[in-house]
Amino acid sequence: MTEMSAPQAPNPAAAGEAAPGLRVLGQYIKDLSFENPGVGPVQAQPNIDLGIDVSATPHVDGNGLFEVSLKLSAKAMADGKVLFITELDYAGLFQLQNVQQAQLEPLLLIECPRLLFPFARRVVAEITREGGFPPLLIDPVDFVQLYQQQYRRAQEAAAGNPPPAQA
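Cut-offs applied
- Residues numbered from 1 in each chain as written.
- Predicted model: local features only at pLDDT ≥ 70, side-chain atom pairs only at ≥ 80, totals over all residues.
- Heavy atoms only, no water.
- Pairing = 2+ DSSP bridges.
- Helix = DSSP H or I, 4+ residues; strand = E, 2+ residues; numbered from the N terminus.
- Axes fitted to C-alpha atoms, helices over the stretch in contact; angles between N-to-C directions.
- Salt bridge = Lys/Arg side-chain N within 4 Å of Asp/Glu carboxyl O.
- Buried < 20%, exposed > 50% of the residue type's maximum accessible area, 1.4 Å probe, protein only.

1. Some remarks on the sheet that holds strand 3 (residues 65–78)
The strand order across the open sheet built from four strands is 1-4-3-2, with neighbouring strands paired in antiparallel fashion. In this open sheet, the two edge strands, each paired with only one partner strand, are strand 1 (21–35) and strand 2 (47–58). Between one strand axis and the next, the sheet turns through 15° on average, direction left out of account. Of the pairings in the sheet, the one linking strand 3 to strand 4 (residues 81–97) comprises 14 bridges and is antiparallel in character.

Here it is, written out as structure tokens:
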């Protein structure tokens with residue numbers, strides 16, 4: 001009887017190419033603020049205006065190190081008055097290895113914020129709870145869609161067609 005073995009997956013390291021890699025070296029709060037001007041009972045359901053911004057900058061040491069920053073801001077209003085305003089700048093230090101240039105930007109602006117988001121979401125929930133409000137649980141964010149919107153805006157701006165004003 002002959003033995004049959006499963007086909008082996010190609011090994012990029014054996015072919016002289018190192019596999020792409022992403023490492024999270026650290027994550028931290030760069031800036032956090034919470035303002036609570038709306039003290040007192042609230043009868044109406046608050047309207048919450050949420051903002052999300054993602055940025056990535058190469059680290060001064062190089063070596064494939066990047067700092068990715070996820071900025072979350074929330075402003076809650078009810079009956080025409082501001083209940084609270086919170087802003088969080090949550091960042092992570094990432095090391096990328098053997099990543100093709102074409103994949104660098106999507107990796108930094110989609111995958112890295114996706115890794116940071118659950119932790120930033122928890123910080124926002126805790127700070128609003130500590131401020132005397134129910135925890136603000138931010139819905140999951142589609143970072144692919146956010147990246148595509150930013151990419152289209154950049155393309156339109158480069159072509160001389162400013163994006164339409166948003167309400």
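2. Brief notes about the pairing of strand 2
For strand 2 and strand 3, the ladder comprises 12 bridges, and the chain directions are antiparallel. Bridge pairing links Ile52 to Leu72 in strand 3. What sits between strand 2 and strand 3 in their antiparallel hairpin is a turn of six residues, with Gly62 showing a positive phi close to 75°.

3. Some words on the pattern of salt bridges
Counted according to the given criterion, the structure contains four salt bridges. Residues Glu130 and Arg129 are paired through a salt bridge, measuring 3.0 Å at the closest nitrogen-oxygen approach. A residue is classified by how much of its surface remains accessible, and Glu130, at 57% relative accessible area, is exposed. Taking the relative accessible area as the measure of exposure, Arg129 reaches 39% and is therefore partly exposed. When salt bridges with common partners are traced through the structure, they connect Glu126, Arg129 and Glu130 into a single cluster.

4. A short note on the environment of Gly132
With respect to the helices and strands, the residue Gly132 is situated in the loop between helix 1 (101–130) and helix 2 (143–158). When the C-alpha atoms of Gly132 and Asn36 are compared, they prove to be 8.8 Å apart, with 96 residues separating the residues in sequence.

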